[in-house]
Amino acid sequence: MTGTASQHTDGDGVDAGVGLTALLVAAARAIETRRHDSLAQDVYAEHFVRAAPACAHWPVRIEEVPDGDADPLWGRFARYFGLRTRVLDDFLLRSVHTGARQVVLLGAGLDTRAFRLDWPSDCVVFEVDRAGVLAFKHRVLTDLSADPKVKRVPVPVDLRADWVAVLTAAGFDPAAPSVWLAEGLLFYLPGRAETYLVDTVDRLSAEGSALAFEAKLEKDLLAYRDSAIYTATRERIGIDLLHLFDKGPRPDSAGDLAAKGWSTSVHTPFDFTRRHGRGPLPEPNDALEGNRWVFAHKPRP
C-alpha cells in the first residue's frame, strides 16, 4: 500500500502520509510471518518496522497484541494484508512461469518479493517508487546483508512524473511480456491518474503480459468512516486512510482493460479467505466490503 499518492502525499520517505502506510503493511507482513498458519513469509518486514522511529512500538507478532485476532487493526486488518500478499505472490509466480520475464512493481514500497520468492533465473524485477521510500528500503536491507534472488532494478521516480521514460531507461523492454503489480496503490490516485496509469500499462504490455491491482467500489468512502478498521488505524497509529484515499469518482479500470482486449477477473478478498481457509470474512460496517482484486491478462494471438 505504498508508492505515489495524490495531493495527500507528505514528504518523500516512509515517516508520514502514504509512505507511512508502507510500514503498516510491513508490520502486518511481520505478524503474518510469525503465525503458525502463515500464508506468506517475509522475514525482512519486522526490520523495516524497527528501523523507523514512527512505528518502533508497533507489534510484529500476534502474541504482542492483547486481543489477538479480535483486534481490528493488528488482527483482522493485518490478516487482510497477509492474505493479499499470498494471493499476489501466487499471481506473480504463475505469470513468470507462463512466460513473463519482466516484473514491474508500481508503488513498490517495502515489497521484498525480489528477495523472498523463487524466480526463474532470467527474470528481472523493477521496483518503481519514490526515491525516499527506496532509499529507506535499501538502507535496511543493506544492513541485513540481504541478497536478492533475481536481478533487481530500483526505479526511483514519482508516478506523477514521467515514470515511463525512467523505467525504459532502467532497461524495461515493452516488446517482452511483463507482469505488472499495483498493490494497494490506485485508490490513492485521482481517477484520471488511475486511467492514465492503466492505459500506459496497456501500451507498454506485449501480448502475454499480465496485471494485478486492487480497486475500491464504494461510491461514498466516508460511509465507512466509523468502521472498526478505519477507526483503529486512525486513532491508534495516526494513519487516516480516508484522508489519504482520493475521494473522487473511480474509473472502471477492469472494464476498460476488457474493452482493450484483456481478459479480466474481479474478486473480493473474501473469495480468497474461503479458498485458503483463513483471512477476513464480511462483517457489519465493513471497510473491506468494497475492496476488489483485479487480475488481467493480455492474450497471445
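Cut-off values and rules
Residues numbered from 1 in each chain as written. Predicted model: local features only at pLDDT ≥ 70, side-chain atom pairs only at ≥ 80, totals over all residues. Heavy atoms only, no water. Helix = DSSP H or I, 4+ residues; strand = E, 2+ residues; numbered from the N terminus. Buried < 20%, exposed > 50% of the residue type's maximum accessible area, 1.4 Å probe, protein only. Expected span 1.5 Å × (residues − 1). Bend = angle between axes of the 7 residues up to and from the residue. Polar contact = N/O pair within 3.5 Å; in protein donor to acceptor, adjacent residues only side chain to side chain. Salt bridge = Lys/Arg side-chain N within 4 Å of Asp/Glu carboxyl O. Pairing = 2+ DSSP bridges.

**Q** Hey, could you run me through unusual backbone geometry in this one?
**A** Phi is mostly negative for residues that are not glycine, and the peptide bonds are mostly trans. You will see that Ser 145, though not glycine, has its phi angle at about 55°, which is positive. On the secondary structure map, Ser 145 appears in the loop between α5 (131–143) and β3 (151–156). Within the chain, Asn 285 stands out as a residue other than glycine whose phi angle is a positive 50°. Relative to the elements of secondary structure, Asn 285 occurs in the loop between α11 (269–276) and β7 (291–297). Overall, Asn 285 belongs to the partly exposed group, its relative accessible area being 39%.

**Q** Even after reading the chapter, I still don't get helix α3 (residues 72–97), so can you show me in this structure?
**A** What sets the pattern is the α-helix's 3.6 residues per turn: residues three or four places apart point alike. With 26 residues, α3 should reach 38 Å at 1.5 Å per residue; the first-to-last C-alpha distance of 36 Å fits that figure. Residue Ala 78 marks the point of greatest curvature in α3, where the axis turns by about 25°. Within α3, 20 of the 26 residues are buried, which leaves it mostly tucked inside the rest of the structure. Backbone nitrogen of Leu 73 and a side-chain oxygen of the N-cap are separated by 2.9 Å at the start of α3; the cap is Asp 71. Where α3 ends, the next residue or the one after it, Gly 99, has phi of about 130°, a positive value.

**Q** Would you mind showing me how to read the pattern of salt bridges here?
**A** Once the charged atoms of two side chains with opposite charge are near each other, the side chains can pair. Taken as a whole, this structure holds 28 salt bridges when the rule is applied. The salt bridge partner of Glu 214 is Arg 84, with a shortest N-O separation of 2.6 Å. In this pair, Glu 214 is assigned in strand β5 (residues 210–216) and Arg 84 in helix α3, connecting sequence segments 130 residues apart. A single burial state applies to Glu 214 and to Arg 84, both of which are buried. Here Arg 160 ties to Asp 158 by a salt bridge, and the two come within 2.6 Å at their closest N and O atoms.

**Q** Is there a simple way to think about the pairing of β7 in this case?
**A** Both faces of the sheet carry side chains from a regular strand, because those side chains alternate between them. The buried count for β7 comes to 6 of 7 residues, which makes it a mostly enclosed element. Bridge count between β5 and β7: 7 bridges; the pairing is antiparallel. When the sheet's bridge partners are listed, Ala 210 is paired in β7 with His 297. Sheet topology places strand β6 (residues 263–267) next to β7; 5 bridges connect them, and they run antiparallel. By the bridge assignment for β7, Ser 263 is matched with His 297.

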